[in-house]
Amino acid sequence: MTQSTPMPEGFVPLQPFKPEGTALEAASRFYNTMDRRRTVRMFSDKPVPRDVIETCLLAASTAPSGAHKQPWRFVVVGEASLKSKIREAAEEEEREFYGRRASEEWLEDLRPFGTDDSKPFLEVAPWLIVVFKLAKTDDGGQTYYTNESVGIATGMLLAALHHAGLATLTHTPSPMGFLKEVLGRPDHERPFLLIPVGFPAEDAVVPKLERKGIEEISVWHE
Ligand SMILES: Cc1cc2nc3c(=O)[nH]c(=O)nc-3n(C[C@H](O)[C@H](O)[C@H](O)COP(=O)(O)O)c2cc1C
């Protein structure tokens, strides 16, 4: 069906994306790439060029967002002294978490991952990307569906970094308020996630896990 109405003011023609091959081939290629993504907790200190990270951030920032407010800010930390401050503060929160705050059930659920309050990757990984959500726009306006928008952008960031051959860890040293202080961020920016990024360590291992199958994750009404 073609649209014959004149182009409304403020609109441009859509440039549809046409993947190579059939839709199924394209979907399968992407799935096979994404199926290799794992959360990595053992990083190499091998440098990653800044422009690789920048390009992945631009990919993340193509995410849809409520009323196109793009309510995200990515604070990228490579400076060693700042990374060690973040590690120190994160480990303090994590000691509280593992020692007191976490319920027995939560600790039991975490056991297969072998995590504890020690976070050496916060200094080893060449970059830490701290994702902040904007509770207001930079000039004080409203943002909408902030969690959804920033969650989608972060998912796209993880996919872009993975696609570039980099390893990531979705880290939530809870509560994350210290990130705001350490990084000197303004009041309308709220810490959302902390993502160490780099190449995996040569001897990196990951927990063995299975992903749910299509029957379990979907319900169809055809
Ligand atoms: C919102 C969120 C928070 C997470 N927080 C942590 C964390 O603080 N520490 C950690 O080691 N892994 C964390 N993870 C990683 C999960 O444990 C991991 O994604 C899950 O075990 C599945 O493994 P996979 O990512 O390798 O598929 C987090 C993941 C998500 C999505």
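Look up a bit, the structure's there.
Residues numbered from 1 in each chain as written. Predicted model: local features only at pLDDT ≥ 70, side-chain atom pairs only at ≥ 80, totals over all residues. Heavy atoms only, no water.

## Remarks on the pattern of salt bridges
The condition is simple: Any Lys or Arg side-chain nitrogen located within 4 Å of an Asp or Glu carboxyl oxygen qualifies as a salt bridge. Each helix is a run of DSSP H or I of at least 4 residues and each strand a run of E of at least 2, with the numbering of both proceeding from the N terminus. Accessibility here uses a 1.4 Å probe with only protein chains present; expressed as a share of the type maximum, an area under 20% marks a residue as buried, one over 50% as exposed, and anything in between as partly exposed.
Throughout the structure, instances matching the rule amount to 12 salt bridges. A salt bridge links arginine 100 to glutamate 96; the nearest nitrogen and oxygen atoms lie 2.6 Å apart. You can see arginine 100 and its partner glutamate 96 sitting in helix 3 (residues 80-101), four residues apart, about one turn around the helix. Residue arginine 100 is classed as exposed on the basis of its relative accessible area, which comes to 63%.

## A look at unusual backbone geometry
Of note, the amide linkage connecting serine 174 to proline 175 takes the cis form, showing an omega dihedral of -5 degrees. You can see proline 175 is positioned in the loop between strand 3 (167-168) and helix 7 (177-182). The phi dihedral of glutamine 70 falls on the positive side, at around 45 degrees, and the residue is not glycine. The topology assignment puts glutamine 70 in the loop between helix 2 (50-60) and strand 1 (72-77). The phi dihedral of tyrosine 145 is positive, around 45 degrees, even though this residue is not glycine. Inspection of the secondary structure assignment puts tyrosine 145 in the loop between strand 2 (127-134) and helix 6 (146-163).

## Let's talk about the sheet that holds strand 4 (residues 189-198)
Rule in force here: If DSSP finds at least two bridges between two strands, the strands pair.
Pairing is antiparallel across the open sheet formed by four strands, whose spatial order is 1-2-4-3. Each edge of the sheet is formed by a strand with only one pairing partner; in this case those strands are strand 1 and strand 3. As paired elements, strand 3 and strand 4 share two bridges and run antiparallel to each other. In the strand pairing of strand 4, alanine 167 is matched with glycine 198.

## Some details on the packing of aromatic side chains
The condition is simple: Here the aromatic set is Phe, Tyr and Trp, taking the six-membered ring for Trp, and pairing holds for ring centres within 6.5 Å; pairs whose planes are under 30 degrees apart are stacked, those over 60 apart are edge-to-face, and all others are tilted.
Evaluated as defined, the whole model comprises two aromatic pairs. Plain terms: the ring middles of phenylalanine 97 and tyrosine 98 are 5.1 Å apart, the flat faces sit at 85 degrees to each other, and that makes the pair edge-to-face. A relative accessible area of 7% means that phenylalanine 97 is categorised as buried. Taking the centre distance of 4.8 Å and the plane angle of 85 degrees together, the rings of phenylalanine 97 and tryptophan 106 count as edge-to-face. Overall, the relative accessible area of 46% leaves tryptophan 106 in the partly exposed class.

## Quick notes on the site of the ligand
The condition that has to hold: For each residue, the test is whether any non-hydrogen atom lies within 4 Å of the molecule or strand; if one does, the residue is near. For this analysis, a polar contact is any N or O atom pair within 3.5 Å, provided that within protein one partner can donate a hydrogen and the other can accept it, and provided that sequence-adjacent residues contribute only side-chain to side-chain pairs. Only the protein chains shown count as covering a residue, and every accessible area follows the Shrake-Rupley method with a 1.4 Å probe. We call Asp, Glu, Lys and Arg charged. Ala, Val, Leu, Ile, Met, Phe, Trp, Tyr, Cys and Pro are nonpolar, and the rest, Gly among them, are polar.
Neighbouring the ligand are Arg37, Arg38, Thr39, Arg41, Phe113, Thr115, Leu169, Thr170, His171, Thr172, Leu209 and Arg211. Between the ligand and arginine 37 there is a distance of 3.0 Å, counted from an oxygen atom to a side-chain nitrogen or oxygen. Interatomic distance of 3.1 Å between a backbone N/O atom of threonine 170 and a nitrogen atom of the ligand. Its free accessible area being 630 Å², the ligand has 67% of it covered by the protein chains. The class makeup of the residues in the shell around the ligand is three nonpolar, five polar and four charged.

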